[in-house]
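For reference, the chains in residue letters:
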Amino acid sequence: MRKSVSGLVVSALLLASCGGGGGGTSGGGNVVLPPSPTPTPTAGCSTRERQDWALAQMREWYLFPETLPASPNPGASATVQDYIDALTATARSQGRDRYFTYITSIAQENAFLNSGSSAGFGFRLSYDTTARRVFIAEAFEGAPALAAGIDRSTEILAIGTTAANLRTVSDIILAEGTAGVTNALGPSTVGTARVLRVADAAGGTRNLTVVKADYSLTPVSSRYGSRILDLGGGRRVGYLNLRTFITSADQQLRDSYASFRAQGISEFIVDLRYNGGGLVSTANLFGDLLGGGRRTSDIFSQTRFRTEKSSNNDTHFFSPTAQSVTPVKIAFIGTGSTASASELVINGMIPFLGPNMALIGGNTYGKPVGQIALDRTACDDRLRVIAFATGNASNNTAYYTGLAASVANTCRAADDITLPLGDIREASVARAIDFLSGRTCTAISSSEQGTASSRGSAGVAFDHRELLIPDAPTPAQREVPGLF
């Protein structure tokens, strides 16, 4: 994701905007593309020049070249992204590119992928479409919201720039839809201040002024991201919640699994319920950490380009590390916001765990394809273009409607935001424990699939709630569904 056209890096599964992640230079399994004969665009950054450059890249790299229009009309599109949407319309109608191909900022995306850097309040929002209510699904350490006492289960009742002009969330959604909430929260720039009227069980109703700031999102929460759940009778289960697949997650994952291994943990709950994806290198490391019992000839993931680009194909074999565990059972918690790199990890384990693994919660988003990053530095343009399919050792590569039909066991469960993530009483965690304990459950329907916003970010509805996704998400919001 960090190299220009002369040294492309496969940035698989950029979940951010489709719910999906990317690739990177660190870790195993990323495909480094050699210099290519990509047409050199005319110098300049006018809309038309940028559109022409985007079309040239897509004609060369797009995984579904037969779907591109023969004679596109750039003049009919006001922006570069509008033009890309027109180019991918056929593949989108086929369910193969649900706004997964897009233009973004090189600088902003690199800042997020390297360290989780982002500007905002530092919370993840979900909304109730029926009751017109907005809730905090998660708040991030080191960010303004948590410092102000806003955390999971807090409800935002009203938004304003001052206490005098507060508008209720219900009125905003009634008048403008959920886009009105996004607009009311203001731009993703440092110093943007909003007065929020909030309510939670601990503090009642109160007004708070919160100011957006730069912060680095921690991929594995220091509060609940990695813990051992004591189920009594000497039985213990390892719980790991990963927010996003970025470079700074690698050491956190290694440390977490080293602790699990040292304590002899062999049953695991991997919580990816909000994880829209990220770096393939981190996904492959995750597989290695779960692959302590695997041979180095066992395939974890496969990357397959279109025929004329097949020299870039790659196979990642399990490469167990000193921190790797040998799971007896794994319960993966997923939703319609679980996409791309998250799905790669789940899919990669299916051939080896079979009936000893389950998908808990809801069906996943369905993104068995990944983007490469094509950079035009003079314009700060990074084109994320779908260029390859991903698969597992059994060649499961077409799960466009989610993974529920591919996993041997599934258990339907709600996302109970009234309880902390990682709490054994929380509905999805409790159902995961039920599976690990051999208890029965209600299966997830494979016809249930994550929804997409107008820009293709993943969302999932539980009890009429789904994650709030802006129509024009930042790079961080593409990777972390619901982020503000």
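Parameters and conventions
Residues numbered from 1 in each chain as written. Predicted model: local features only at pLDDT ≥ 70, side-chain atom pairs only at ≥ 80, totals over all residues. Heavy atoms only, no water. Phe/Tyr/Trp six-rings, centres within 6.5 Å; stacked < 30°, edge-to-face > 60°. Lys NZ or Arg CZ within 6 Å of the ring centre and 35° of its normal. Buried < 20%, exposed > 50% of the residue type's maximum accessible area, 1.4 Å probe, protein only. Helix = DSSP H or I, 4+ residues; strand = E, 2+ residues; numbered from the N terminus. Pairing = 2+ DSSP bridges. Polar contact = N/O pair within 3.5 Å; in protein donor to acceptor, adjacent residues only side chain to side chain. Contact = heavy atoms within 4.5 Å. Axes fitted to C-alpha atoms, helices over the stretch in contact; angles between N-to-C directions.

**Q** Looking at this model, I keep getting lost on the packing of aromatic side chains. Mind explaining?
**A** In this description, a pair of aromatic rings is defined by centroid distance and the angle of the planes. Summed over all chains, the structure comprises twelve aromatic pairs. An aromatic cluster is present here, built from F245, Y257, F260, F268 and F286 joined pairwise through their rings. A cation sits over an aromatic face here: R98 above Y365, 4.0 Å from the ring centre. In this arrangement the basic side chain of K329 is found over the ring face of F435, its NZ or CZ atom lying 5.1 Å from the centre.

**Q** Sorry, what's going on with the pairing of strand β6 (residues 133-139) here?
**A** It is a general feature of regular strands that their side chains alternate between the two faces of the sheet. Counting buried residues along β6, six of its seven residues qualify, which places the element largely inside the surrounding structure. Looking at chain direction, strand β5 (residues 123-128) and β6 are connected through six bridges and run antiparallel. Looking across to β6, one finds that F123 is bridged to A139.

**Q** How do you make sense of the side chain of R96 when you look at a structure like this?
**A** Here R96 shows up in the loop between α4 (89-93) and β3 (102-105). A distance of 2.5 Å separates a polar atom in the side chain of R96 from a polar atom in the side chain of Q94. Ignoring any residue separated from it by four or fewer positions in sequence, one finds R96 in contact with F64, E66, T67, A91, V369 and Y400.

**Q** I tried to follow the sheet that holds strand β18 (residues 357-361) on my own but got confused; where do I start?
**A** The pairing of strands in a sheet comes from backbone hydrogen bonds and takes either a parallel or an antiparallel form. An order of β12-β13-β14-β17-β18-β21 is seen for the six strands of this open sheet, with the pairing classed as mixed. Since the sheet does not close on itself, it has two edges, and those belong to β12 (226-232) and β21 (409-412), each with one partner. If you compare each strand with its neighbour and ignore which way they point, the axes differ by 20 degrees on average. With five bridges joining them, strand β17 (residues 329-334) and β18 adopt parallel strand pairing. Along β18, the bridge assignment pairs A331 with A358. Its contacts with the sheet put helix α9 (residues 249-262) on β12, β13 (235-241) and β14 (267-271), and the angle it makes with β13 is roughly 175 degrees.

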